[in-house]
Amino acid sequence: ASAPRALVTFYVLWRLTGWFVLAVPAAAVVATIPVAALNRLRTLRLRKFEQQFPEALDLIRRALRAGHAFTTGLEMAGTEMPAPVGEEFRLLYDQQNYGMSMPDALKVFAERIPVLDARFFVTAILIQRESGGNLAEVLDNLSGVIRERFRVKRQMRVASAHGRITGLVLVCLPPTLGVALMVANPEHRELMFGEQLGLQMMAGAAILQGIGTLIIRKIINIPY
């Protein structure tokens, strides 16, 4: 759906203004906005899942220690936990309850949720089903490891706060200053929008600004 919108945007701007150099970046922005929005929503959902996952593991662990089966623990997690972790565990329970084998359902769970902790969970369950052992203790250890990772992540965010704020200032300063100068001096605005060279300069500035933003984001994005 993004491609038709981008083509319509390009055609309309090109016909109205006659500026090819302006129509192409506008069409590119229109094409990338839906993809960027979906990626952002996906990232937020996965982050929320990671935050809720230790609580779900604790719920399953308590169910096991109370004498319930593992599948009952999955059902409890799917029923009592909020979205998105509750929805995912409910789907996992329904898949194995309606005929899919537990190992296959767990593998689909790991493929559907590209989170490292979910893969650890699936691997631990599959190993325990093959070799035996105390599953409640395994889930307890896994929950502790996940919480420790979150503690380290929060410390890293605090340590990199200065760099992230500096990067935000550097990214926002050029376009903000450019808009302020054009508002304060109409001659600059007429020169930039009324001349072919001005449009080319703005297009080049936008491209360089995008490249600089990606570089700054790469620098301040510290893996943990």
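Residues numbered from 1 in each chain as written. Predicted model: local features only at pLDDT ≥ 70, side-chain atom pairs only at ≥ 80, totals over all residues. Heavy atoms only, no water.

A. Looking closely at a positive patch on the surface. Together, Arg40, Arg47, Arg157 and Arg217 line one region of the surface with positive charge. Tracing the sequence through the fold places Arg157 in helix H7 (residues 135-159). (Patch = residues over 30% accessible without salt bridge, like charges linked within 9 Å, V, L, I, M, F, W, Y side chains within 5 Å. Areas by Shrake-Rupley, 256 points an atom, 1.4 Å probe, with all protein chains shown as cover. Salt bridge = Lys/Arg side-chain N within 4 Å of Asp/Glu carboxyl O. Lys, Arg positive; Asp, Glu negative; His and termini not counted. Charge placed at Lys NZ, Arg CZ, Asp CG, Glu CD. Helix = DSSP H or I, 4+ residues; strand = E, 2+ residues; numbered from the N terminus.)

B. Seen up close, the packing of aromatic side chains. What the rule picks out here adds up to eight aromatic pairs. An angle of 55° between the planes, with centres 6.4 Å apart, marks the rings of Phe49 and Phe109 as tilted. Of the two residues, Phe49 sits in helix H2 (residues 20-65) while Phe109 sits in helix H5 (residues 102-112), which places them 60 residues apart along the sequence. Judged by centre distance (5.4 Å) and plane angle (40°), the rings of Phe89 and Phe109 are tilted. Of this pair, Phe89 sits in helix H4 (residues 85-97) while Phe109 is found in helix H5, placing the two residues 20 residues apart along the sequence. In this pair, the class of Phe89 matches that of Phe109, namely buried. By the ring-pair criterion, three or more aromatic residues cluster together here, those being Phe49, Phe53, Phe70, Phe89, Phe109 and Phe121. (Phe/Tyr/Trp six-rings, centres within 6.5 Å; stacked < 30°, edge-to-face > 60°. Buried < 20%, exposed > 50% of the residue type's maximum accessible area, 1.4 Å probe, protein only.)

C. Spatial organisation of H4. For H4, which comprises 13 residues, the first-to-last C-alpha distance of 18 Å matches the rise-based estimate of 18 Å (1.5 Å per residue) to within 8%. Three or more residues of H4 are buried, namely Val85, Gly86, Glu88, Phe89, Leu92, Tyr93, Asp94, Gln95 and Gln96. With its phi angle positive at about 125°, Gly99 sits one or two positions after the end of H4. (Expected span 1.5 Å × (residues − 1).)

D. Layout of the side chain of Asp117. Turning to its location among the elements, Asp117 is positioned in helix H6 (residues 116-131). A relative accessible area of 1% means that Asp117 is categorised as buried. Every residue in contact with Asp117, bar those within four places of it in the chain, is listed here: Phe53, Ile146 and Arg149. (Contact = heavy atoms within 4.5 Å.)

E. Up close: a nonpolar patch on the surface. A surface patch of nonpolar side chains, amounting to about 530 Å² of accessible area, comprises Val8, Tyr11, Val12, Trp14 and Leu16. Mapped onto the fold, Tyr11 is located in helix H1 (residues 2-17). Classification of Tyr11 by relative accessible area gives partly exposed; the value is 48%.

F. Broad picture of the pattern of salt bridges. All told, the structure shown has 10 salt bridges when counted by the stated rule. Here Glu55 and Arg147 are joined by a salt bridge, their closest N and O atoms 3.1 Å apart. Of this pair, Glu55 sits in helix H2 while Arg147 sits in helix H7, and the two are 92 residues apart along the sequence. By relative accessible area, which is 33% here, Arg147 ends up partly exposed. Asp140 serves as the salt-bridge partner of Arg61, at 3.8 Å between the closest nitrogen and oxygen. Taken together, the positions of Arg61 in helix H2 and Asp140 in helix H7 put the pair 79 residues apart, joining distant regions of the chain. For Arg61, a relative accessible area of 13% translates into the label buried. Classification of Asp140 as partly exposed rests on a relative accessible area of 32%. A single salt-bridge network, built from bridges that share partners, covers Glu55, Asp58, Arg61, Asp140 and Arg147.

Interpretation note: all reported values are geometric properties and have no functional meaning in isolation.
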